[in-house]
Amino acid sequence: DAKTTQPNSMESNEEEPVHLPCNHSTISGTDYIHWYRQLPSQGPEYVIHGLTSNVNNRMASLAIAEDRKSSTLILHRATLRDAAVYYCILRRAGGTSYGKLTFGQGTILTVHP
Amino acid sequence: DTAVSQTPKYLVTQMGNDKSIKCEQNLGHDTMYWYKQDSKKFLKIMFSYNNKELIINETVPNRFSPKSPDKAHLNLHINSLELGDSAVYFCASSQDGQTGELFFGEGSRLTVL
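An account of the accompanying structure is given in this report. (Residues numbered from 1 in each chain as written. Chains lettered and ligands numbered in written order. Predicted model: local features only at pLDDT ≥ 70, side-chain atom pairs only at ≥ 80, totals over all residues. Heavy atoms only, no water.)

### Some points on the pattern of salt bridges
Two side chains that carry opposite charge are able to pair once their charged atoms sit near each other. All names here are of chain A. Stated precisely, the cut-off is as follows: For salt bridges, the criterion is a side-chain nitrogen of Lys or Arg within 4 Å of an Asp or Glu carboxyl oxygen. The secondary structure listing takes helices from DSSP runs of H or I that are at least 4 residues long and strands from runs of E that are at least 2 residues long, numbered from the N terminus. To sort residues, take the accessible area from a 1.4 Å probe on protein chains only and compare it with the maximum for the residue type: under 20% means buried, over 50% means exposed, and anything in between is partly exposed.
This model, assessed by the stated rule, comprises 8 salt bridges over all chains. Between D82 and R37 there is a salt bridge, with the nearest N and O atoms lying 2.8 Å from each other. Residue D82 is located in the loop between β7 (70-75) and β8 (84-92), and its partner R37 is located in strand β3 (residues 31-38); the two are separated by 45 residues in the primary sequence. The burial state of D82 is the same as that of R37; both residues are buried.

### Points about the nonpolar core
All names here are of chain A. Stated precisely, the cut-off is as follows: We define the nonpolar core as a collection of buried residues of types Ala, Val, Leu, Ile, Met, Phe, Trp, Tyr and Cys that are connected through side-chain atoms lying within 4.5 Å of one another. Two residues form a contact once any of their heavy atoms are found within 4.5 Å.
Ranked by internal contacts, the top residues of the largest apolar core, which has 21 residues, are L20, I33, W35, L73, L75, Y86 and L109. At the level of secondary structure, the elements contributing two or more residues to this core comprise β2 (18-23), β3, β4 (45-50), β6 (61-64), β7, β8 and β9 (107-112). Residue contributions to this core peak at 4 residues, all from β8. With sequence-adjacent residues up to four places away left out, L73 is seen in contact with V18, H19, L20, W35, V47, I48, A60, S61 and Y86.

### Description of the sheet that holds β6 of chain A
One key point about sheets: their strands pair by backbone hydrogen bonds, in either a parallel or an antiparallel sense. Residue and element names in this part refer to chain A. Threshold: Only when DSSP finds a minimum of two bridges between them are two strands counted as paired.
Judged by pairing direction, the sheet is antiparallel, and its 4 strands sit side by side in the order β2-β7-β6-β5 without closing on themselves. Whereas interior strands pair on both sides, the edge strands pair on one side only; in this sheet they are β2 and β5 (55-56). Relative to β7, β2 runs antiparallel, the two sharing 6 bridges. The residue of β7 that forms the bridge with N23 is S70.

### Comments concerning the environment of H77 of chain B
Residues and elements named next belong to chain B. What counts here: Pairs of N or O atoms within 3.5 Å make up the polar contacts considered here, provided that, within protein, one atom can donate a hydrogen while the other can accept it, and that residues adjacent in sequence are counted only when both atoms are side-chain atoms.
Counting through the fold element by element, H77 comes out in strand β8 (residues 75-78). Residue contacts for H77: discarding those within four places in its chain leaves D18, K19, S20, R63, F64 and S65. Only 3.5 Å separates the side chain of H77 from the backbone oxygen of K19, close enough to count as a polar contact. In terms of polar contacts, H77 uses its side chain to reach the side chain of S20, at 2.5 Å.

### Side note on the sheet that holds β8 of chain B
Residue and element names in this part refer to chain B. Where we set the bar: Inter-axis angles, ranging from 0 to 180 degrees, are taken between N-to-C directions of lines fitted to C-alpha atoms, where helices are fitted over the stretch in contact.
The 4 strands are arranged β1-β3-β8-β7 in an open sheet whose pairing can be described as antiparallel. Of all the strands in the sheet, the pair left with one neighbour each is β1 (4-7) and β7 (64-67). For this sheet, the mean inter-axis angle between neighbouring strands, taken without regard to orientation, is 15 degrees. One ladder, built from 4 bridges, connects β7 with β8; its direction is antiparallel. Paired with K67 across the bridge in β8 is N75.

### Quick notes on the state of the cysteines
All names here are of chain A. As a reminder of what qualifies: Disulfides are defined as pairs of cysteine sulfur atoms found within 2.5 Å of each other.
This structure, assessed with the given rule, holds 2 disulfides over all chains. Disulfide pairing places C22 opposite C88 at an S-S distance of 2.1 Å. Between C22 and C88, the disulfide has an S-S torsion of -80 degrees and is therefore left-handed. Residue C22 is located in strand β2, and its partner C88 is located in strand β8; the two are separated by 66 residues in the primary sequence.

### Remarks on the packing of aromatic side chains
Where we set the bar: Only the six-membered ring of Trp is used, alongside the rings of Phe and Tyr, when aromatic pairs are assigned; centres must lie within 6.5 Å, and planes under 30 degrees apart are stacked while those over 60 apart are edge-to-face, with the rest tilted.
Summed over all chains, the structure comprises 9 aromatic pairs over all chains. Between Y36 of chain A and Y46 of chain A, the ring centres sit 5.6 Å apart and the planes meet at 75 degrees, which makes this aromatic pair edge-to-face. Taken together, the positions of Y36 of chain A in strand β3 and Y46 of chain A in strand β4 put the pair 10 residues apart, joining distant regions of the chain. The residues Y36 of chain A and Y46 of chain A share a single accessibility class, namely buried. On the numbers, 6.2 Å between centres and 85 degrees between planes, the contact of Y36 of chain A with F104 of chain B is edge-to-face. Placement of the pair is Y36 of chain A in strand β3 and F104 of chain B in strand β10 (residues 103-104), with the two residues belonging to separate chains. Taken together, the ring pairs connect Y36, Y46, Y87 and F103 of chain A together with Y33, Y35 and F104 of chain B into an aromatic cluster.

### Focus: the interface of chain A and chain B
This is how the line gets drawn: Reported buried area values correspond to the accessible surface (1.4 Å probe) lost by two parts on association, with both partners' losses combined.
Contacts between chain A and chain B engage 24 residues on the former and 24 residues on the latter. Each partner contributes to the roughly 1800 Å² buried at the junction of chain A and chain B, and carbon and sulfur atoms together form 55% of this total. At the junction of chain A and chain B, the tally comes to 0 salt bridges. Summed over the shared surface of chain A and chain B, the result is 4 residue pairs in polar contact (both at pLDDT 80 or more). Secondary structure elements with two or more residues in the side of chain A that touches chain B: β3, β4 and β8 of chain A.

Put into structure tokens, the structure is as follows:
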């Protein structure tokens, strides 16, 4: 499985934008970039995913570098509820991996009031 | 209505016992998974099933036996419990096993004494 590298932790203030970086220099052409988050004492929650183009949804935006070796999850206005562990995951379409998610250590996001 | 529900939420048992965790999804998804989150918070896939057929078995000991009676259920039975089995077990489902987002349950915390 291709590996991702994220900072161990980041901090933000409420209502400010947050940019969570992820490096994935060994990404292959069939790897989708997925982001999940895990709030305390809950199961992981899907945030967003993309392949090549930038993506937006109601939760966040995903900016993907042109060479696809890095990406950034953008929370436009952080709230206290966004405090969680954020996981950047490469998910391979097709083949025997059958779309399994390989979680790394993730980034612990702390949001200050 | 909870999309992916697991029971029990907490389970405390003695070494050597046999226990089961049940999982049901009401999303009409074809693929279901079991993930394990250990004390260091690493999330790792154990199994995935597609339409009741085992797709991924991630070198899990034979003491762990998943059972899928139908597409909406994936139960996890664990024989001869060991101390190292203490963890939080998450069930998840997705529409397809390739790129579709995973929906996770709230987790079942297993403590083996």
